[in-house]
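Working through the structure, step by step
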Amino acid sequence: MAYLTIALVIAAVWPYWVFFGVSLITILLFFFAREKRIRRATREALHRQQAMINLELNAFQAQLDPHFIFNSLNAIHHYILATSTDMASLYLTRFSKLMRLMMGNFKKEWITLQEDLDALELYLQLEQLRFEQQFTYRLALEPEVEPMHTLIPPLIIQPYVQYAIWHRLLARPQKTGGQLNIVIGVKNDRLYIKVEDNGNPTASLLDDTAERLANGIDIASERLYLMSERYHMKASISAQPILDSASHPCGNRLVISMEHTPARQELTG
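It should be emphasised that the depicted structure is a prediction, and the values quoted were computed from it without experimental measurement. (Residues numbered from 1 in each chain as written. Predicted model: local features only at pLDDT ≥ 70, side-chain atom pairs only at ≥ 80, totals over all residues. Heavy atoms only, no water.)

Looking only at helices and strands, one finds seven helices and seven strands in the protein. Along the chain direction, N to C, the helices and strands of the protein fall in the order α-α-α-β-α-β-β-α-β-β-α-α-β-β. Per-residue burial for the protein yields a buried fraction of 39% across its 269 residues. Taking all contacts inside the protein whose residues are at least 6 apart in sequence as the whole, residues at least 24 apart take part in 72%. Looking at the protein as shown, the accessible area adds up to about 15,700 Å², and 60% of this sits on carbon and sulfur atoms. (Helix = DSSP H or I, 4+ residues; strand = E, 2+ residues; numbered from the N terminus. Buried < 20%, exposed > 50% of the residue type's maximum accessible area, 1.4 Å probe, protein only. Contact = heavy atoms within 4.5 Å. Areas by Shrake-Rupley, 256 points an atom, 1.4 Å probe, with all protein chains shown as cover.)

What follows covers the packing of helix H4 (residues 113–130) against helix H5 (residues 157–169). Across the interface, H4 lies against H5 with an axial gap of 10 Å and an inter-helix angle of 15°. One element, H4, and the other, H5, form an angle in the roughly parallel class. Crossing angle aside, the handedness with which H4 passes H5 is right-handed. In contact with Asp116, Leu120, Tyr123, Leu124, Glu127 and Arg130 of H4, H5 contributes Ile157, Gln158, Val161, Gln162, Ile165 and Trp166. Here the contact of H4 with H5 is built from residues that sort into seven nonpolar, two polar and three charged. (Axes fitted to C-alpha atoms, helices over the stretch in contact; angles between N-to-C directions. Parallel < 35°, antiparallel > 145°, perpendicular 65-115°, else oblique. Left-handed = near helix turned anticlockwise from the far one by under 90°. Nonpolar A, V, L, I, M, F, W, Y, C, P; charged D, E, K, R; others polar.)

Further remarks concern the sheet that holds strand S4 (residues 178–187). The five strands lie next to each other as S2-S4-S5-S7-S6, forming an open sheet whose pairing is mixed. Whereas interior strands pair on both sides, the edge strands pair on one side only; in this sheet they are strand S2 (135–141) and strand S6 (236–243). Pairs of neighbouring strands in the sheet enclose a mean axial angle of 15°, with direction left out of account. Inspection of the sheet shows strand S5 (residues 190–197) paired to strand S7 (residues 249–259) by eight bridges, in the antiparallel sense. Considered in S7, the bridge of Lys194 is made with Val255. On top of the sheet, H4 reaches S2 and S4; it is set at about 165° to S2, its chief contact. (Pairing = 2+ DSSP bridges.)

With that out of the way, let us pick up the packing of helix H3 (residues 85–106) against H4. The contact between H3 and H4 brings their axes to 9 Å, and the two run at 145°. Of the two elements, H3 crosses H4, and the hand of that crossing is left-handed. Taken together, the residues of H4 that come into contact with H3 (itself represented by Met87, Tyr91, Arg94, Phe95, Lys97, Leu98, Leu101 and Asn105) are Glu115, Asp118, Ala119, Leu122, Tyr123, Gln125, Leu126, Leu129 and Arg130. In the contact of H3 with H4, the residues fall into ten nonpolar, two polar and five charged.

Along its 22 residues, H3 runs 31 Å from first to last C-alpha, staying within 8% of the 32 Å computed at 1.5 Å per residue. Here H3 has its buried residues at Ala88, Tyr91, Phe95, Leu98, Met99, Met102, Asn105 and Phe106. Looking straight down H3, one finds that the buried residues subtend no more than 145° of arc, so they occupy a single side. In H3, those exposed residues whose orientation departs by more than 90 degrees from the buried face are Thr85, Asp86 and Arg100. (Expected span 1.5 Å × (residues − 1). Arc of directions from axis to C-beta.)

Moving on to helix H7 (residues 217–231). An ideal rise of 1.5 Å per residue puts 21 Å on 15 residues; H7 measures up with 21 Å between its terminal C-alpha atoms. Within the span of H7, buried status applies to Ile217, Asp218, Ile219, Ala220, Arg223, Leu224, Leu226, Met227, Ser228 and Tyr231. His232 sits one or two positions beyond H7 and adopts a positive phi of about 55°.

Under the criterion given, the structure shown has two salt bridges. Its salt-bridge partner being Arg130, residue Glu127 comes within 2.8 Å of it at the nearest N-O pair. Highlighted residues: Glu127 and Arg130, both in helix H4, separated by three residues, approximately one helical turn. Arg130 gets classed as partly exposed once you look at its relative accessible area, which sits at 22%. Between Arg253 and Glu196 there is a salt bridge; the shortest N-O distance is 2.5 Å. Here the residue Arg253 occupies a position in strand S7, and Glu196 occupies one in strand S5, the gap between them amounting to 57 residues. (Salt bridge = Lys/Arg side-chain N within 4 Å of Asp/Glu carboxyl O.)

Here is the structure:
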């Protein structure tokens, strides 16, 4: 009788301990898996942050191209020696403003479109001062664009413009008549930046890896990709030749597109 009583007690208690043990193991496995996911997500976030910092440094170094700085200082020196003090002063003023804007925008994750255009305009003015006979440029904003109230990542546009000048327009057999058009607009709530030139169509902007690395294009596209991934901007970059009436290449077109981000909009990762 005593053995029967003990057996009944064990039979009654045993399912509870099984349930308790299984539940405890399940809870422990859940928290272990959750902790593992948190650690992995933290590592990935740190990796992306480090990658963005490295790309920002590389982008800054690419914009502060030693050749551009050296040639700009040489041009200032030339104007001084040529007793063209007005030109030397103009060149030096624009050069110093550009350096200040570049260094000011370097540490920012977002800047207004107007801030980026101010730096881009100064860069174009400096290059045109040096190569005034070889190309002209037009920088246009469509009416729907509000540059003071539109945010974009810094250090994105200039590398493509620089490439268009140095490897398209200055590579033309003719040393005059180069044209560079930059048009910025908004369509279907997407900001687009269109860069067109009538330069050498054989210089491939998106395929020439060595030149892309040398001029910061890879860095710019990678930064835009990381920003797009983090802020769900759905950014894209496309390039194609411009064809004449006989379907012959007569220029180049690059379009950077991203979701329109008003300055008043809160940005969250």
